[in-house]
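# Examining the three-dimensional arrangement
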Amino acid sequence: MKRVIKGGRTYVDGAFVAADIRIEDGIITAVGSQVDEEGAEVIDATGLHVVPGLIDVHVHFREPGFAYKETIATGSAAAACGGYTTVCPMPNLKPAPDTKAHLEEQLEIIRRTAAVKVIPYGTITRGQMGRGELSEMAAMKRDVVGFSDDGRGVQEEGDMLQAMKLASSLGKPIVAHCEVNSLLNGGYIHDGEYARLHGHRGICSESEWRQVERDIALARRTGCQYHVCHVSTKESVELVRRAKAEGLRVSCETAPHYLVLTDMDLQEEGRFKMNPPIRSAADRDALLRGLQDGTIDVIATDHAPHSAEEKSRGLKGSAFGIVGLETAFPVLYKYLVLEGKLTLERLFEVMSVLPGRLFGLGGLLTVGAPADVALFDLEARYKVDPSTFRSMGHATPFEGWEVQGRCVMTLVDGRTAYDGR
């Protein structure tokens, strides 16, 4: 199949330029102003921005084990709608992908039903328990993007040390949910002003940053590639900043909700409950500075769908997790880019280029690269309406928000994964 994307503003080498793209058999064969259209289907991108497909290195597609929350089919359809061409689901599954055989159950569903590229994580520990025997990392390494126990912090230093040594020998990253269980004290939102005003139990910031601090020290000892999930505290940002200055192989991500909300924006609804929690204005501002100065490498969604009933029990009783694949770009474009807090180019760098580079997943519109492309209409204005989501999960703190910027088409290996024109 031959296709030409014509007439758009195309993201090339970190800047938007007038350039067309020719695709043949799923590969980009030309990028420029004089692209041959012969024999090709022409996709008119006039008035649109053409970008490398977004890459989300932190999602939860609940299959196998919890298909009533989300399936790989519905989650990947939501991803395509949001402009994502590659996503990496975490191993909170049943069975957890802790052995080659268990991983194969997930891979078989991906091969049959995925709308975009879905590259999973293997667990760090057996049963994804956050402690004890390590998973079959060596047996899984060819089929996973890295290793994580997301949802649980690895509690024992010795376990994480052995995991980093093994992952380093396999050339794979450790991707860590940082949480010290002994510091949680039954909390379920940030231990801050809102919790005190409304009588809620709080999760202290130290429960996150203390384990980030420990793991960076272990990364220094092992040389392991180490990536911190969903950074939410100012202390974690500073720890990563120092690690980078030291030259360690340390990176981190944050999520849209931590960049545009604070704990004083909370409402008494499950759609405001996630782990880690939305924190203070000081934390949000530190995250923004980290995003601006390069300390934070990646924006990931931590897309974590649950059933309506599981999210209907208020802040205390609801399950942790919100959805994000269909709201990430329009929220960030409206409330960061248009408000002058981040450039459009930097937004695509942290949503596509850098996650692709860090995890070996592509993220560039260059000759010879897979034709993973998204087309965005940056003038589109609308309200977030969860009833229109492709995801089975509808819990979002952005419900009813005015946003701007919509993906109108997504190509994966040159084929149409989503067409909203």
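In this numbering scheme, every chain counts its residues from 1 along its sequence in written order. Given that this is a predicted model, residues contribute local features only at a pLDDT of at least 70 and side-chain atom pairs are listed and counted only at 80 or more, while totals for whole chains, interfaces and linings are drawn from all residues. Each side-chain value is worked out from all heavy atoms of the structure, with water and hydrogens disregarded.

## As for the nonpolar core
- Within this scheme, the nonpolar core is defined by two criteria: the residues are buried Ala, Val, Leu, Ile, Met, Phe, Trp, Tyr or Cys, and they are joined through side-chain atoms within 4.5 Å. Relative accessibility thresholds used throughout: buried, under 20% of the residue-type maximum; exposed, over 50%; partly exposed, between the two (1.4 Å probe, protein chains only). Counting 100 residues, the largest nonpolar core has Ile174, Tyr226 and Met351 as its most contacted members.
- Labels follow the DSSP assignment, with helices taken as runs of H or I lasting at least four residues and strands as runs of E lasting at least two, numbered in each case from the N terminus. Here this core gets 8 residues from one element, more than from any other, and that element is helix H11 (residues 328-337).
- If you look at the next biggest cluster of nonpolar residues, it comprises 15 residues, including Ala45, Leu365, Val408 and Leu411.

## Structural notes on the sheet that holds strand E8 (residues 54-59)
- Strands are labelled as partners when DSSP assigns at least two bridges between them. Within the open sheet, the 3 strands sit side by side as E8-E9-E10. Their pairing is parallel. Single-partner strands in this sheet number two, and they are E8 and strand E10 (117-118).
- Pairing between strand E9 (residues 84-89) and E10: 2 bridges, direction parallel. Following the sheet pairing, Thr86 is matched in E10 by Lys117.
- With respect to the sheet, helix H12 (residues 344-359) is in contact with E8 and E9, its orientation differing from that of E8 by roughly 70 degrees. Contacts: residue pairs with any heavy atoms within 4.5 Å of one another. Axis geometry follows a simple rule: fit a line to the C-alpha atoms, using only the stretch in contact for helices, then measure angles between N-to-C directions, giving values from 0 to 180 degrees.

## Thoughts on the UniProt feature "domain: Dihydroorotase catalytic" (unreviewed entry) in the protein
- UniProt positions are given in the numbering used here, feature names are shortened, and annotations may be inferred rather than shown by experiment. Per the UniProt entry, the sites bearing "domain: Dihydroorotase catalytic" (unreviewed entry) are residues 50-236 in this numbering.
- What you have in residues 50-236 is 36% helix and 14% strand, and the ends, taken at the C-alpha atoms, are 34 Å apart.

## Examining the packing of aromatic side chains
- Pairs were defined over the aromatic rings of Phe, Tyr and Trp, the Trp ring being its six-membered one, requiring ring centres within 6.5 Å. Orientation was assigned from the angle between planes: stacked under 30 degrees, edge-to-face over 60, tilted for the rest. Counting across every chain of the model gives 9 aromatic pairs.
- Taking 5.9 Å as the distance between ring centres and 70 degrees as the angle between the ring planes, the aromatic pair formed by Phe16 and Phe348 counts as edge-to-face. With Phe16 in strand E3 (residues 15-18) and Phe348 in helix H12, this pair connects stretches of sequence that are 332 residues apart.
- Phe16 sits in the buried class, given a relative accessible area of 11%.
- For the pair Phe329 and Phe376, a centre-to-centre distance of 4.4 Å together with 45 degrees between the ring planes defines the contact as tilted. Here Phe329, found in helix H11, pairs with Phe376, found in strand E17 (residues 373-383); they are 47 residues apart in sequence, far enough to count as distant. For the residue pair Phe329 and Phe376, the accessibility class agrees, reading buried in each case.
- Three or more aromatic residues link up through ring pairs in this structure, and these residues are Tyr11, Phe16, Phe329, Tyr333, Phe348 and Phe376.
- Seen from the ring of Tyr335, Lys334 lies directly overhead, with NZ or CZ sitting 6.0 Å from the centre. The rule for a charge over a ring is simple: NZ of Lys or CZ of Arg within 6 Å of the ring centre, and within 35 degrees of the ring normal.

## Focus on the pairing of E3
- Summarising the sheet, strand E2 (residues 9-12) and E3 pair through 4 bridges and their orientation is antiparallel. Note that in E3 the partner of Thr10 across the bridge is Val17.
- Between E2 and E3, which pair antiparallel one after the other, the connecting turn spans 2 residues, and Asp13 there sits at a positive phi close to 55 degrees.

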